[in-house]
Amino acid sequence: MTTPISAQPAHDDRASAAAASPVVLSPAGPADHWWQSAVIYEVYPRSFADGDGDGVGDLAGLIHRLPYIASLGVDGIWMTPFQPSPQVDQGYDVSDYCGVDPLFGSMADFERLLAGAHALGLRVLLDVVPNHCSSRHPLFQAALAAGPGSPERGLFHFVEGRSSSPEHPSDLPPNNWQSVFGGTAWSRANPGSETDTEWYLHLFSAGQPDWNWRNPAVGDYFDGVLRFWFDKGVDGLRIDVAHALFKADGLPDAPSESPVVDGLRSNPLVSDQEEVHEVYRRWRRLAEKYQPHRLLVGEVNLEPSRAARYTRADEMHQAFAFAFVKLGWDAAAWAQAGSELEEARLLHGAAPTWALENHDIVRTVTRFGGGDQGARRARAALAALLGLPGAAYIYQGQELGLPEVDVPVEARVDPMWARGGVTRDGSRVPLPWTEDPAGNHGFSTGPTATPPWLPLPDGWGDNAIESQQQDPGSALAFAARALALRRQLWADGTFTADDAGTWRLRAGNLLTCERSPRFLVAVAMGSEPVELPPGVVLFSAFPLEQEGWLQPDNAVWLRRS
Ligand code: NOJ
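Conventions we followed
Residues numbered from 1 in each chain as written. Predicted model: local features only at pLDDT ≥ 70, side-chain atom pairs only at ≥ 80, totals over all residues. Heavy atoms only, no water. Domains from an automatic or database assignment. Contact = heavy atoms within 4.5 Å. Buried area = accessible area lost by both parts, 1.4 Å probe. Salt bridge = Lys/Arg side-chain N within 4 Å of Asp/Glu carboxyl O. Polar contact = N/O pair within 3.5 Å; in protein donor to acceptor, adjacent residues only side chain to side chain. Near = heavy atom within 4 Å. Areas by Shrake-Rupley, 256 points an atom, 1.4 Å probe, with all protein chains shown as cover. Nonpolar A, V, L, I, M, F, W, Y, C, P; charged D, E, K, R; others polar. Core = buried A, V, L, I, M, F, W, Y, C linked by side-chain atoms within 4.5 Å. Buried < 20%, exposed > 50% of the residue type's maximum accessible area, 1.4 Å probe, protein only. Helix = DSSP H or I, 4+ residues; strand = E, 2+ residues; numbered from the N terminus. Pairing = 2+ DSSP bridges. Axes fitted to C-alpha atoms, helices over the stretch in contact; angles between N-to-C directions.

Describing the domain arrangement of the protein
Interfaces are often described in size by the accessible area the parts lose on coming together. Structurally, the protein comprises domain 1 (14-134 + 216-478), domain 2 (138-201) and domain 3 (500-559). Of the residues lining the interface, 23 residues belong to domain 1; the matching set on domain 2 comes to 20 residues. Around 1,600 Å² of area is buried between domain 1 and domain 2 when both sides are counted, 65% of it from carbon and sulfur atoms. Its largest share of buried area at the contact with domain 2, domain 1 owes to Leu251, Asp253 and Arg419, together 35% of the area lost on that side. Our count for the domain 1 to domain 2 interface comes out at one salt bridge. Close ionic contact of Asp253 with Arg162 constitutes a salt bridge, the shortest N to O distance being 2.9 Å. The interface formed by domain 1 and domain 2 includes eight residue pairs in polar contact (both at pLDDT 80 or more).

Set out below in structure tokens:
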């Protein structure tokens, strides 16, 4: 169905008004394309740095702290959404795709940020959320107002419900789909109305209606969104729930045997429909109209063989290696996930894009056992990650070895908590900048620091950036060393974009990934020291206690002899 509705984002006029920020990046790295060797630092703006003292991180705070990010030795940042939003899902409910929420600052702040990052040699990737918008988005509001059968409603999935009896028309959701956040994926458009008995689809919260990508006007609209940010000079986009834009035609019931866990994965009808690939072909063409080409990285939460199809040569450049993202400390699981990813790479060509943490998952320190052991393992895992073939993303605070925080129940704000009883707040607690508790441990630099949007736990200051910067044995100092050596190994040709990833689980739970006959990453994931294959240790997460042997929870980069 087509619709006469304007396909332009509400603020398209601003695109031409805004001066594109000059790109002053260093020349391309040793890989053919800068992103092939890149390490990108994920910034969750709410929790990074608060420049106006209101307890919520913002663009001013981020601008102020850009030198810190540059000092890590990463290639760029990915910023989660800061566009206008009712903040039902902490910004993943966008009500204006081409603006800046006053909570975070202004468009002028964003332009300063972009220019400041570029001047420091950092690329800037933004989040685009094409699966759903906010229920406050003007086009959704117009659809609600226009009523059943209107072209405005054709931009979303408005459908009559089922009826429990002739006396109660449309009193049941149109199908059995579940929201990822828990409960039905449908809400009544106009609760209580007898004339408007339609429901609308939301794979996430009721405040996040899904766009209907079968309507071509939606594709046109998003072209405008992409152009807006590309024209402004952003270097690329991370695509939220990239595999879910198209739903099975006719919105049939999911097979009843589908378990209701992790909603999208268990319901084949809401994700990985063939039609979605055309969107990324179109976006790739658009991204390549710009110089330098803009980067597309997808959140494609599918098994490796399916996810790899999104990074075919004419689609996205990267997709996070989801098989890896949620791993525990389990050598067999790592070897299996790694091998599947390698198989997928051989089939479709793109190297995996590694990540072990993001703002949706439990931090590695805690996931790998917590306490000192969890901290050691998290550091070893980060060492491994940075030695693997392909690009890597690290999440703010991962470089500090931050654990997951048990946020008090009354302070939890994640919509997943209310609907599904799981909270992601624990990985989103604001960063501790100083040991001194003043200004929310340096998180808030404004005149009056109100309490942060999520409370800081006792002892948070023990992880402070300021102290870690002074300590050569800190998680931060380790991460910076790993990043510096990685950069050097790319520069001297030890690491190349053609490297493979041959994974092996060896005796004693020694996990290895051989990226070339000359280079191997090894992680000791068992409980006893294990003998290393012959070679020269170039880097280790912790000093080796005995030459040629690796202690449990340590990782090395080995040049084969
Ligand atoms: C993935 C994002 O990372 C997550 O935070 C969000 O809740 C969902 N997509 C919905 O946008």
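Alright, that's what it looks like, and here's the rest.
Focus on the site of the ligand
Neighbouring residues of the ligand: 13 residues in total, closest Asp89, His132, Asp240, His359 and Asp360. Contact distances for the ligand include 2.8 Å between an oxygen atom and a side-chain N or O atom of His359. Considered on its own, the ligand offers 290 Å² of accessible surface; in the complex 98% of this is hidden by protein. Within the shell around the ligand, the residues separate by chemical class into four nonpolar, two polar and seven charged.

So, the nonpolar core
Residues Tyr41, Ile69, Phe110, Trp211, Phe324 and Trp334 are the most contacted members of the largest nonpolar core, which totals 145 residues. The next biggest cluster of nonpolar side chains, apart from the first, holds 17 residues, and it includes Trp186, Val241, Ala244 and Ala254.

Quick word on the pairing of strand β1 (residues 39-43)
By the criterion of burial, β1 is predominantly enclosed, with five of the five residues buried. Of the two faces of β1, the one lined by Val39, Tyr41 and Val43 and the one lined by Ile40 and Glu42 are each fully buried. Here four bridges tie β1 to strand β11 (residues 391-395), and the two strands are oriented parallel to one another. Among the inter-strand pairings, Tyr41 is bridged to a residue of β11, identified as Ile394. Summarising the sheet, β1 and strand β2 (residues 76-79) pair through four bridges and their orientation is parallel. Bridge pairing in β2 places Tyr41 opposite Ile77.

Some details on the sheet that holds strand β12 (residues 502-506)
A sheet is described by the order of its strands in space; here five strands give the open sequence β12-β13-β14-β18-β16, paired in antiparallel fashion. Of all the strands in the sheet, the pair left with one neighbour each is β12 and β16 (536-540). When the angles between neighbouring strand axes are averaged without regard to direction, this sheet yields 25°. The pairing of strand β14 (residues 519-524) with strand β18 (residues 555-559) spans five bridges and is antiparallel. In the sheet register, Phe519 faces β18, and the bridge partner there is Arg559. Together, β12 and β13 (510-516) form the strand contacts of helix α10 (residues 331-348), whose direction differs from that of β12 by roughly 160°. Its contacts with the sheet put helix α16 (residues 475-491) on β13, β14, β16 and β18, and the angle it makes with β16 is roughly 135°.

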